[in-house]
Amino acid sequence: RRGGGREDDGRCALILAFNHAISDQSSANLLFDHVLSALSILDVEEGEGGGASSESSSSSSSPSPAIVNPMPESLERSMLGDDGRSGGVGPDAFNGFTPDTAMYVAGKAAEGSKSPVSLPDAYDASRRGNPLINALTTISGNAAGGETTKAEEEGAPGCAGRRSVVQFRTLGEEDTALLLKRCRSEGVTVSNALGSAAALTASDFIGLEEGEEEDAGKVDEDNRRNYKILQSLDMRRYESEPYADDASTVGCHAGSMDLMIGPLGDGSGSSLRSGSSRGPPSLFWDVARDGRAQTAAFVDDDGRGPKEAVRVFDAAMRISDMNNLVHLTAMSEASQGRAYSAGVTNVGVYERQGAVRREGSRGRERGTLKSKHGNYEIEDLFFATSHARTGCLYQVSCLTINGKLSLTFHPASPLVPEETNAAFADAFVDLLATVAESEKTGTETIHDEDSSIFASLPSLPEGALTNAALAAGVGGILIHAGAWSEFIGNVLSMKENIADPADFWAALNFWIFFAVGHPILQPILWISDVLHGTPGPQIADLVPVLFLAGNALVIGAVASSKEIQKAVNVAALAAFFAYVGAGLDGQAGMGDFNLQLNDQYKGAVVKGCPTYDQVRQPSMDNFDLEKYQGKWYEQKFHDWTQFKEVYDTTLDIKLTEDGMGWIDDFAVKGPAPKAAALSWDKSPVANGAHYFLFGRVDPNDAPGVLRESGFGVEFPNYIVDVQKDDKTGEYTEAIQFQCLERGGVRVFEGINFMSRNPTMTEDELGAMHGRAEKAGMYPYGAGPEQMHSVERRPIDAPPLDNSWQRMWHAIGFDALLELLAESIEDGGR
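Computed from a predicted model, the values in this text were never measured in an experiment.

A.B. asks: Looking at this structure, I do not really get the pairing of strand S17 (residues 661-669). What am I missing?
C.D. replies: A regular strand carries its side chains on alternate faces of the sheet. A large share of S17 lies buried, amounting to eight of its nine residues. The pairing of strand S16 (residues 647-655) with S17 spans seven bridges and is classified as antiparallel. Note that in S17 the partner of Ile653 across the bridge is Asp664. The antiparallel hairpin formed by S16 and S17 contains five residues in its connecting segment, where Gly659 sits at a positive phi of about 75°. Both S17 and strand S18 (residues 689-696) contribute to a ladder of eight bridges, which runs antiparallel. By the bridge assignment, Trp662 is partnered in S18 with Gly695.

In structure tokens form, the structure reads like this:
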């Protein structure tokens, strides 16, 4: 508002739009103050009255000009300096990473195990998918759940039909003062209270179906959910000299952290607003204190959490296509770009922020922002950042000015329609007013430690198990840090050298599918052996009673303690990454889990794939593909698309009628007796299962080259060597070599030693290795130490028959496998 005796009331609305990459709200406040100060100075100089700027002394002299500041440092440099930043693709990709970094990453990943809600129930649950599958889909270069069908023109560009909707609210001076006083008495900050209000108000609206109104005062304990709250942070508080930013000019130094709140029953906030509980119950302040504790643990004395967050972001921006990942998330039908239940930004008190530094000031001396400069006064100030593309389901941005708390509610429609946003804003402010009014009436918060949803088991110190799991997991991951760095470098090199992104993602998805499959199988086998190794009486001759009792105890212990839940989730995630890291390092079984791209042989990197002529042996002269048909018994393999846990592997190869295509009936049994000594004969595939590989015969290829297709990629299958029966001329032994190369990077190599006989002698296998070495295949995995020997039962062994196999047959599992195999074979034809 501009006063000074104007005929009109001088009130106007000033709307400014900033690029958030170069300005945060603290910078915007600084700019407002500087502009109004300059305008008031001009008024004085032009004699328009109103007195000097409030920045000046009581005399009419104007304040000194503002100091011209140098270009501000980036957030990354201010937080990490020069030595702590990622060096980009290459050996310095993870420069500055420490065990603290790995613990931060593991903690972030573990958040997903709590399944926080990020979409309202009104959004069709069938479109959301599984969170883990969604994450893997995005990493593989695809939008989880497919790309949304919403037209771009319905919303902001790149926002999948979504647009921001805005509501403005104000908490009056008295209530704002009472809220601050109550927060101090409860030992929390206003930001902690705002985070609590966001989670509790979200609980009132998240479960509503379209058009449904909240049932005030009713808590649905049958629907208890976890809430992930995005809490903004001013990173300037954690920056280090010499590059720390002091907010003396425009720059973006905003960051954030995640608060995990809950579980909360649906309608928890409305019960506080309705007054149905005794005074303001402990729940609101319990949530606020939990947020305070999480914030303190994240920040700690050294600002460790904010530094590691920036370090990981810096590395991700330098070594990955972050913009594309954000785009895929925004376009995702499953997530609708939502990663958080709600978000809270609290800039604090406007008048406490430092103003621009002026010439003649001593050292770092500077004034503070003013809401009034001469004739110019800021009555209200609201701000927001768009969440239409990605971000929070519900979002509120807050600032205190003139003693009042100004709140902007700005979610994305149609996920949160205009009318829902208005109701949410009313409920949020009503909740704040309710807890603030309790200070005036003198209502005490009643703390019930035993019933608090955040009470932890006294025998488990907070964070003890989780930290132990993190420490063990971090150690397991760091052992393979070099292999991870090499892998990422190869992936980026491959992407850079491939013209069609679809080719890149198809190859990477092929790798991801099997890299994930192997570690997932391990706990299944372990649990199966525990099941079938448990002594004592059994139910229906299938499941031991003691096993069920043990499971009930374990599940009960995990369910009763948030600490155990976090520790288990962290340990499982860390074990997964450590196992994949071991595969990249060649330490998890060279035969079936040698995952590294362009891996090494005898200390030297072997890049790409050889040509057929480089490996083809003279035995392939006059090769007859017709004679190659029929059943082959696999003896050894080097191939991460196979599993060392299976046995009795055979390949039955058939040509199509026109001779231009082929089908490989790949038959396996599993798990092998050595892989699961106690449970191998109880498995649903103990008597065998089939899956089919398909390919084509390209007339332009040399005889002996087949084109193999599977999992979205095609690659050559070289028949390198065959041995013949001296009498019949039939092929008796064969060496196959598959190799997938994209962008100069070898993604996959597969080597198979096969025979027409179920078994081979050590001398015969040794001779086969000799021929593979002569073919130059040892650098690609054909050495004895690099291949896995396929376990076999006697050829005349009868089918397995026990209570578990009869159960599988009774429920039709074997018939289902047979039907699935037939449908796949028919589809391949």
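A.B. asks: Quick question: what am I supposed to make of the state of the cysteines here?
C.D. replies: If you walk through the whole model with that rule in mind, you get one disulfide. Two residues, Cys609 and Cys739, share a disulfide whose sulfurs are 2.0 Å apart. Its S-S torsion of about -85° marks the bond between Cys609 and Cys739 as left-handed, since a negative value means left-handed. Separated by 130 residues along the polypeptide, Cys609 in the loop between strand S14 (604-605) and helix H17 (612-615) and Cys739 in strand S21 (residues 731-742) bring together distant segments of the chain. Using a relative accessible area of 3% as the deciding quantity, one classes Cys739 as buried.

A.B. asks: Quick question: what am I supposed to make of the packing of aromatic side chains here?
C.D. replies: Given two aromatic rings, their pairing is described by the distance between the two centres and the angle made by the two planes. Here the structure, examined in full by the defined rule, presents 31 aromatic pairs. Where Phe576 meets Phe577, the ring centres are 5.3 Å apart and the plane angle is 80°; that geometry is what we call edge-to-face. The aromatic ring of Tyr731 is capped on one face by Lys627, whose charged end is 5.1 Å from the ring centroid.

A.B. asks: Sorry if this is basic, but what is going on with the pairing of strand S8 (residues 391-401) here?
C.D. replies: The buried count for S8 comes to eleven of eleven residues, which makes it a mostly enclosed element. Taken together, the eight bridges between strand S5 (residues 338-349) and S8 define a ladder with parallel strand orientation. Residue pairing for S8: Arg338 is matched across the bridge by Gly391. The pairing of S8 with strand S9 (residues 404-409) spans six bridges and is antiparallel. Residue Cys398 lies in a different strand from S9, and its bridge partner there is Leu407. Connecting the antiparallel pair S8 and S9 is a turn made up of two residues, with Asn402 showing a positive phi of about 55°.

A.B. asks: I tried to follow the confidence of the model for the protein chain on my own but got confused; where do I start?
C.D. replies: In low-pLDDT regions, the fine details of the predicted coordinates are not to be read closely. Here the protein chain averages 85 in pLDDT, while 88% of its residues score no lower than 70. This model gives residues 51-60 a pLDDT under 50, and the stretch forms 23 contacts once residues within four places in sequence are excluded. Note on residues 444-458: pLDDT is under 50 here. Beyond four places in sequence and across chains, it has 28 contacts.

A.B. asks: Is there a simple way to think about the nonpolar core in this case?
C.D. replies: General note: in soluble globular proteins, nonpolar side chains tend to be found buried as a group. Of all hydrophobic cores here, the largest spans 62 residues; its most connected members are Leu194, Tyr227, Phe284, Tyr394, Leu407, Phe428 and Leu432. In terms of residues, this core owes the most to one element, helix H11 (residues 418-441), which gives ten residues. Apart from the residues within four sequence positions on either side, Phe284 is in contact with Ala193, Ser196, Ala197, Leu200, Leu272, Leu431 and Val435. The next biggest cluster of nonpolar side chains, apart from the first, holds 42 residues, and it includes Tyr628, Ile735, Phe737 and Met787.

A.B. asks: I tried to follow the side chain of Thr408 on my own but got confused; where do I start?
C.D. replies: With respect to the secondary-structure elements, Thr408 resides in strand S9. Take Thr408: its relative accessible area is 1%, and that puts it in the buried class. At 3.2 Å, the side chain of Thr408 forms a polar contact with the backbone oxygen of Phe383. The residues contacting Thr408, other than those within four sequence positions of it, are Val166, Gln167, Phe168, Phe382, Phe383, Ala384, Gln395, Val396 and Ser397.

Parameters at a glance
- Residues numbered from 1 in each chain as written.
- Predicted model: local features only at pLDDT ≥ 70, side-chain atom pairs only at ≥ 80, totals over all residues.
- Heavy atoms only, no water.
- Buried < 20%, exposed > 50% of the residue type's maximum accessible area, 1.4 Å probe, protein only.
- Helix = DSSP H or I, 4+ residues; strand = E, 2+ residues; numbered from the N terminus.
- Pairing = 2+ DSSP bridges.
- Disulfide = S-S within 2.5 Å.
- Phe/Tyr/Trp six-rings, centres within 6.5 Å; stacked < 30°, edge-to-face > 60°.
- Lys NZ or Arg CZ within 6 Å of the ring centre and 35° of its normal.
- pLDDT = per-residue confidence, 0-100.
- Contact = heavy atoms within 4.5 Å.
- Core = buried A, V, L, I, M, F, W, Y, C linked by side-chain atoms within 4.5 Å.
- Polar contact = N/O pair within 3.5 Å; in protein donor to acceptor, adjacent residues only side chain to side chain.

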